[in-house]
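The lines below spell out each chain.
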Amino acid sequence: MAVSPKKPLVIVTRKLPDAIETRMMELFDTRLNADDKPMTQAQLIEAAKTADVLVPTVTDRIDARVLSQAGPKLRLIASFGTGVDHIDLDTARQRGVVVTNTPGVLTEDTADMSMALILAVARRIGEGERLVRAAKWTGWAPTAMLGARIWGKRLGIIGMGRIGQALARRARGFGMAVHYHNRRRLHAEIEKPLEATYWESLDQMLARMDIVSVNCPHTPATYHLLSARRLKLMRPSAILVNTARGEVVDENALTRMLRAGELAGAGLDVFEHEPAINPKLVELDKVVLLPHMGSATLEGRIEMGEKVIINIKTFVDGHRPPDRVLAAMF
Ligand code: 8YV
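Residues numbered from 1 in each chain as written. Predicted model: local features only at pLDDT ≥ 70, side-chain atom pairs only at ≥ 80, totals over all residues. Heavy atoms only, no water.

Structural notes on the side chain of E191
In step 1: Residue position: E191 is located in helix α8 (residues 188-194).
In step 2: Of the residues examined, E191 reaches a relative accessible area of 8% and is grouped as buried. (Helix = DSSP H or I, 4+ residues; strand = E, 2+ residues; numbered from the N terminus. Buried < 20%, exposed > 50% of the residue type's maximum accessible area, 1.4 Å probe, protein only.)

Points about the sheet that holds strand β3 (residues 53-55)
In step 1: Here we have five strands laid out as an open sheet, ordered β2-β1-β3-β4-β5, and parallel in their pairing. In this open sheet, the two strands that pair with only one neighbour each are β2 (29-31) and β5 (98-100). Strand-to-strand twist of the sheet, defined as the mean angle between neighbouring strand axes without regard to direction, takes the value 20°.
In step 2: The sheet strands contacting helix α13 (residues 298-316) are β1 (9-12), β3, β4 (76-78) and β5, and the helix crosses β4 at an angle near 160°. (Pairing = 2+ DSSP bridges. Axes fitted to C-alpha atoms, helices over the stretch in contact; angles between N-to-C directions. Contact = heavy atoms within 4.5 Å.)

Examining the pairing of strand β9 (residues 211-214)
In step 1: Neither face of β9 is open: one carries I211 and S213, the other V212 and V214, and all of them are buried.
In step 2: Note: strand β6 (residues 154-158) against β9, four bridges, orientation parallel. When the bridges of β9 are listed, G156 appears paired with V212.
In step 3: Two strands pair when backbone bridges link them, and β9 and strand β10 (residues 239-242) are joined in this way by four bridges, in the parallel orientation. When the sheet's bridge partners are listed, V212 is paired in β10 with L240.

Remarks on the domain arrangement of the chain
In step 1: As far as domains go, the chain holds domain 1 (9-105 + 297-316) and domain 2 (107-135 + 146-289).
In step 2: Computed from C-alpha coordinates alone, the two centres of domain 1 and domain 2 are separated by 30 Å.
In step 3: Contact with domain 1, which involves eight residues of that partner, is made by six residues of domain 2.
In step 4: Buried area between domain 1 and domain 2, summed over both chains or domains, comes out near 570 Å², and the portion from carbon and sulfur atoms is 39%.
In step 5: Three residues, D85, G104 and T297, lead the burial of domain 1 against domain 2; their summed loss comes to 61% of the area buried on that side.
In step 6: Between domain 1 and domain 2 we count one salt bridge in total. (Domains from an automatic or database assignment. Buried area = accessible area lost by both parts, 1.4 Å probe. Salt bridge = Lys/Arg side-chain N within 4 Å of Asp/Glu carboxyl O.)

Quick word on helix α5 (residues 107-122)
In step 1: In this model, α5 (16 residues) spans 23 Å end to end at C-alpha, consistent with the 22 Å of a helix rising 1.5 Å per residue.
In step 2: Following α5 by one or two positions, R124 has its phi on the positive side, about 55°. (Expected span 1.5 Å × (residues − 1).)

Section: the sheet that holds β10
In step 1: Judged by pairing direction, the sheet is parallel, and its seven strands sit side by side in the order β8-β7-β6-β9-β10-β11-β12 without closing on themselves. Unpaired on one side and paired on the other, β8 (197-198) and β12 (287-289) mark the two borders of the sheet.
In step 2: Where α5 meets the sheet, its contacts fall on β6, β9, β10, β11 (265-268) and β12, and the angle it forms with β10 comes to roughly 150°.

Structural notes on the environment of A51
In step 1: By secondary structure assignment, the location of A51 is in the loop between α2 (41-50) and β3.
In step 2: With 122 residues separating them along the chain, A51 and G173 place their C-alpha atoms 47 Å apart.
In step 3: When residues no more than four places from it in sequence are discounted, the contact partners of A51 are L9, I11, K73 and L74.

Quick look at empty space enclosed by the protein
In step 1: Under the criterion given, the structure shown has one cavity of 30 Å³ or more.
In step 2: There is about 50 Å³ of room inside the largest cavity.
In step 3: Around the largest cavity sit N242, G246, V249, E251, L254, L268, V270, F271 and E272, which together line it.
In step 4: Residues belonging to the lining of the largest cavity are distributed by class as follows: five nonpolar, two polar and two charged. (1 Å grid on protein atoms, 1.4 Å probe; cavity = no way out; pocket = protein on both sides within 12 Å on 5 of 7 lines; lining within 4 Å. Points joined across faces, edges and corners; volume = space filled by probe spheres on them. Nonpolar A, V, L, I, M, F, W, Y, C, P; charged D, E, K, R; others polar.)

A word on α2
In step 1: Buried residues of α2: Q41, L44, I45, A47 and A48, and no others. All buried residues of α2 project into a common sector of 160° when viewed along the axis, lining one side.
In step 2: Where α2 is buried, its residues touch β1, β3 and α3 (64-68). (Arc of directions from axis to C-beta.)

Looking at the packing of helix α1 (residues 18-27) against α13
In step 1: In the contact formed by α1 and α13, the axes pass within 10 Å of each other and the chain directions differ by 15°. The angle between the axes of α1 and α13 places the two elements in the roughly parallel class. By crossing handedness, the relation of α1 to α13 is classed as right-handed. Contacts between α1 and α13 involve I20, R23, M24 and L27 from the former and I302, G305, E306, V308, I309, I312 and K313 from the latter.
In step 2: Its residues assigned to classes, the contact of α1 with α13 shows seven nonpolar, one polar and three charged. (Parallel < 35°, antiparallel > 145°, perpendicular 65-115°, else oblique. Left-handed = near helix turned anticlockwise from the far one by under 90°.)

Given below as structure tokens:
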């Protein structure tokens with residue numbers, strides 16, 4: 001009689017779409033988090049001690065403390081999400097734990113959200129909506145709710161990876177001129193259809209843009225890339241949007257500048273200390289603030305889950321998982 005191999009114990013830290021959880025239960029010995037309460041560090045350590053595979057999300061800090069107490073069985077961290085800044089990759093590597101993520105499937109959704117924030121801030125959509133809801137709208141007026149035209153404006157994209165390029169395609173459709181700063185210049189065949197201008201110097205690009213969008217990952221090299229000094233290089237009429245990671249922008253410096261009128265507005269989907277937000281930012285009318293929902297579409301979440309399943313399955317079957325993360329790059 002053939003003995004079926006033992007299924008790996010997969011611990012999932014947050015509630016995932018039903019279809020994904022069902023499939024995971026069929027394939028693996030899966031432990032779910034039905035009430036979706038984020039795990040404490042102690043619970044994460046416990047999970048790492050017992051699991052063969054851990055499936056965390058951006059809300060879990062898989063740091064050296066968690067990893068150093070991981071049990072000998074833990075071989076794979078199959079993260080549900082693209083960013084991996086919540087995982088200590090060096091310690092994982094030292095301990096022989098493979099890390100995977102879910103790139104590609106949230107590109108278009110996140111680029112949509114960057115574009116939505118650009119429009120929302122420039123055209124004062126949040127303010128207008130609040131006015132109507134508060135029953136304070138007294139009627140149309142020629143000089144009421146004037147925003148800034150985005151057609152013909154210069155958009156500076158920081159981080160021209162998949163999402164940055166998807167945003168650039170949208171921006172072209174809205175009549176914007178695409179500029180970008182990236183570790184490396186893109187090949188001409190990518191640059192050309194976007195008519196994109198490469199800036200080796202971020203400082204020089206910042207000083208010339210009408211709108212700046214952050215689309216790079218958070219790594220040690222990009223922490224506070226938009227520091228107080230760099231934010232000051234931007235024009236007072238400029239707008240900043242960020243759907244990447246809060247840590248890339250000095251949130252306190254940004255708040256101070258917005259309050260002082262040294263920047264025209266900001267659209268933020270991510271924050272330095274999520275879910276906490278600088279309370280002074282919340283008071284400002286010229287900012288649009290969203291609860292980290294850039295990739296929050298049903299289709300996207302299912303595709304992210306499918307990627308997690310494929311990564312686990314290929315790994316436990318003894319193959320190289322397709323989305324292995326070696327190092328976060330910018
Ligand atoms: C995800 C994200 O929702 O994938 C990412 O890097 O920032 C988000 O869009 C989140 O990470 C899920 O863990």
